[in-house]
Amino acid sequence: MQLILPNPAYEESYKEYIQELGDEVRYPFPLDFDHSDFSKLLEKLDSFKNGTGLPEGFVPATTYWLVEDGELIGVSNLRHYLNDWLRHAGGHIGLGIRPSYRGKGLGSLLLRLSVEKAVELGIKEAHVYCHKGNEPSARMIRANGGELESEIEDDGEIIQRYVVNAP
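All of the points below concern the structure found in this document.

Cut-offs and rules
Residues numbered from 1 in each chain as written. Predicted model: local features only at pLDDT ≥ 70, side-chain atom pairs only at ≥ 80, totals over all residues. Heavy atoms only, no water. Helix = DSSP H or I, 4+ residues; strand = E, 2+ residues; numbered from the N terminus. Buried < 20%, exposed > 50% of the residue type's maximum accessible area, 1.4 Å probe, protein only. Pairing = 2+ DSSP bridges. Axes fitted to C-alpha atoms, helices over the stretch in contact; angles between N-to-C directions. Contact = heavy atoms within 4.5 Å. Phe/Tyr/Trp six-rings, centres within 6.5 Å; stacked < 30°, edge-to-face > 60°. Lys NZ or Arg CZ within 6 Å of the ring centre and 35° of its normal. Polar contact = N/O pair within 3.5 Å; in protein donor to acceptor, adjacent residues only side chain to side chain.

What about unusual backbone geometry?
Note: most peptide bonds trans; most residues except glycine with negative phi.
Then, in step 1: Following Tyr-27, the chain continues into Pro-28 via a peptide bond in cis, with omega recorded as -5°.
Then, in step 2: Residue placement: Pro-28 occurs in the loop between α1 (11–21) and α2 (38–50).
Then, in step 3: Phi angles above zero are rare outside glycine, and Asp-69 is one such case at about 50°.
Then, in step 4: Tracing the sequence through the fold places Asp-69 in the loop between β2 (61–68) and β3 (71–79).
Then, in step 5: The phi dihedral of Asp-155 is positive, around 50°, even though this residue is not glycine.
Then, in step 6: Relative to the helices and strands, Asp-155 is located in the loop between β6 (147–154) and β7 (157–165).
Then, in step 7: Assessed through its relative accessible area of 75%, Asp-155 is described here as exposed.

Structure follows, in structure tokens:
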């Protein structure tokens, strides 16, 4: 398995991934971007990576795809730095695994590879948050050295804020 930048070779697999997600909340947030014109989606992800044309309150972020044998398995989004809101309730890394691949430890792999990319950007402490009660996510974060920093309430939900130190 490898972590790659989004590219046109995975268009069909990407669309199947989105279809497989169905109505569930999509993590990370770029999975909500319109993908009807795949080349425009790739341009948008590239502009986010370069910090151009960002909506107010957003920071530059790179989307990565975890792939194997031509199949898109997981997606991570790495924010290059945090603003006040993201420091409060967003974090550096958001990620998700395709439903048919869950429960196989791939989230932990995806997080480890994403933390390695964070280190390349000079991030020494990656902030990764999850909803309290999402024990699989909390285990994945802890398996990568994440230490619970605090819990906060955001929109009526308890968010656990973890810090993963660079290896």
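Section: the sheet that holds strand β5 (residues 125–131)
Then, in step 1: A sheet is described by the order of its strands in space; here three strands give the open sequence β5-β7-β6, paired in antiparallel fashion. Whereas interior strands pair on both sides, the edge strands pair on one side only; in this sheet they are β5 and β6. Across this sheet, the average inter-strand angle for adjacent strands is 25°, counted without regard to direction.
Then, in step 2: Of the strands in this sheet, β5 and β7 touch helix α5 (residues 135–143), which is tilted by about 15° from β7.

A short note on the sheet that holds β3
Then, in step 1: Taken in spatial order, the four strands of this open sheet run β1-β2-β3-β4, and their pairing is antiparallel. Since the sheet does not close on itself, it has two edges, and those belong to β1 (2–4) and β4 (93–97), each with one partner. Averaged over all pairs of adjacent strands, the angle between their axes in this sheet comes to 25°, without regard to strand direction.
Then, in step 2: Here β3 runs beside β4; their pairing, made up of five bridges, is antiparallel.

Details of the packing of aromatic side chains
Then, in step 1: Enumeration according to the criterion identifies nine aromatic pairs in this entry.
Then, in step 2: Ring geometry for Phe-33 and Phe-48: centres 5.3 Å apart, planes at 55°, overall tilted. Residue Phe-33 is located in the loop between α1 and α2, and its partner Phe-48 is located in helix α2; the two are separated by 15 residues in the primary sequence.
Then, in step 3: Here Phe-33 falls in the buried class, since its relative accessible area comes to 11%.
Then, in step 4: Residue class for Phe-48 comes out buried when judged on its relative accessible area of 6%.
Then, in step 5: Three or more aromatic residues joined by ring pairs form one cluster here, namely Tyr-10, Tyr-14, Phe-38 and Trp-65.
Then, in step 6: Sitting above the plane of the Phe-33 ring, Lys-44 keeps its charged end 4.1 Å from the centroid.

Let's talk about the environment of Ser-36
Then, in step 1: In this fold, Ser-36 is placed in the loop between α1 and α2.
Then, in step 2: Along the chain, Ser-36 and Lys-15 lie 21 residues apart, while their C-alpha atoms are 9.0 Å from each other.
Then, in step 3: Here Asp-34 takes part through its side chain, which lies 2.9 Å from a polar atom of the side chain of Ser-36.

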